[in-house]
Amino acid sequence: MKIVFIGSGNLATQLGLALSKAGQQIVQVFSKTAEHAGELAAKLGCAYTTNIDEISENADIYIISVKDDAIATLAEKVGRKAQNAIILHTAGSIAMGVLQPYAQHYGVLYPMQTFSKNKPVDFKPIPCFIEASDDATLSAIRTLAESVSQNVVPATSAQRKKLHLAAVLACNFTNHCYRLAEKVLEEEQMDFKLFLPLIDETARKVATLSPKQAQTGPMMRWDTGVMQMQMELLSDERTRQIYKLMAESIHEDATK
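Residues numbered from 1 in each chain as written. Predicted model: local features only at pLDDT ≥ 70, side-chain atom pairs only at ≥ 80, totals over all residues. Heavy atoms only, no water.

## So, the overall build of the protein
- Helices and strands together make up the secondary structure of the protein, namely 10 helices and 8 strands.
- Expressed along its principal axes, the backbone C-alpha trace of the protein runs to roughly 65 × 40 × 30 Å.
- The burial tally for the protein puts 38% of its 256 residues in the buried class.
- In the protein, the share of contacts with a sequence separation of at least 24, taken over all contacts with a separation of at least 6, comes to 54%. (Helix = DSSP H or I, 4+ residues; strand = E, 2+ residues; numbered from the N terminus. Buried < 20%, exposed > 50% of the residue type's maximum accessible area, 1.4 Å probe, protein only. Contact = heavy atoms within 4.5 Å.)

See the structure below:
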């Protein structure tokens, strides 16, 4: 399939690399920033443009991978140039219907993973949630997704919103907790890498236990002495509030 990427961020970079490696033909990258567009185009061996009116008219699929609030605006402009092609977006929380006014064939390919431009990922195990305007388009998007992933799952827009919410809780919130821990360690000039075995084991446990079964610590026991001491060690009031809310939530869930 001939593909144009609208966007050159973290997800576009890793999905583009995976599709290119799988033999799909990336013909062009669009980004408002020339440096970003050129960087991704160089990796993919294709042309690039910073003018949305100059995107290729000859692609089979246009993948919009940009900030959520820019999807509709760009879809409208892409739709003028590619009336018979498939237009899809990669967002977790945006309904497929945002594309309906601008395309006859449209859909979603949402890879549920955290991406960074310069951190290679193995796409094969990544769940890719797909949705489409019609059966033929769904088949085409499935073929595209299955060229890079062994875990392709149909999901409605409503399901995808909940999936994205759960992903934020499991990934972004968890990573922020790592950052809070890192700041505590920095106060004592200790290396965060000392925590990697703990983090690895915590992640491995939920492969065999439910998150509820895997939970441990003073909040489970409601060890008020330890919790009060730890809150007093926190110099930042917001972090103390986070600690308190998390403690109450962990204990309430454990005792249900």
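## Considerations on helix H3 (residues 71-81)
- By the burial criterion, the buried members of H3 are Ile-71, Leu-74, Ala-75, Val-78 and Gly-79. Down the axis of H3, the buried side of the element spans an arc of 140°, and every buried residue falls inside it.
- Each element contacted by the buried residues of H3 is listed here: strand E1 (2-6), strand E2 (25-30), strand E4 (61-64) and strand E5 (86-89). (Arc of directions from axis to C-beta.)

## A closer look at the side chain of Thr-239
- Tracing the chain through its elements places Thr-239 in helix H10 (residues 237-255).
- If we ignore the near neighbours within four places in the chain, the residues touching Thr-239 are Leu-180 and Leu-234.

## Here we look at a nonpolar patch on the surface
- The grouping of Leu-165, Leu-169 and Phe-173 at the surface amounts to a nonpolar patch, some 300 Å² of accessible area in total.
- Looking at where Leu-169 falls in the secondary structure, it is placed in helix H5 (residues 157-187).
- With relative accessibility at 45%, the residue Leu-169 sits in the partly exposed group. (Patch = residues over 30% accessible without salt bridge, like charges linked within 9 Å, V, L, I, M, F, W, Y side chains within 5 Å. Areas by Shrake-Rupley, 256 points an atom, 1.4 Å probe, with all protein chains shown as cover. Salt bridge = Lys/Arg side-chain N within 4 Å of Asp/Glu carboxyl O.)

## Looking at unusual backbone geometry
- One non-glycine residue, Gln-189, adopts positive backbone phi at about 55°.
- Tracing the sequence through the fold places Gln-189 in the loop between H5 and helix H6 (196-205).
- Classification of Gln-189 as exposed rests on a relative accessible area of 77%.
- The phi torsion at Trp-222 lies on the positive side, around 55°, for a residue other than glycine.
- Looking at where Trp-222 falls in the secondary structure, it is placed in the loop between helix H8 (218-221) and helix H9 (224-233).
- The class for Trp-222 is partly exposed, based on a relative accessible area of 35%.

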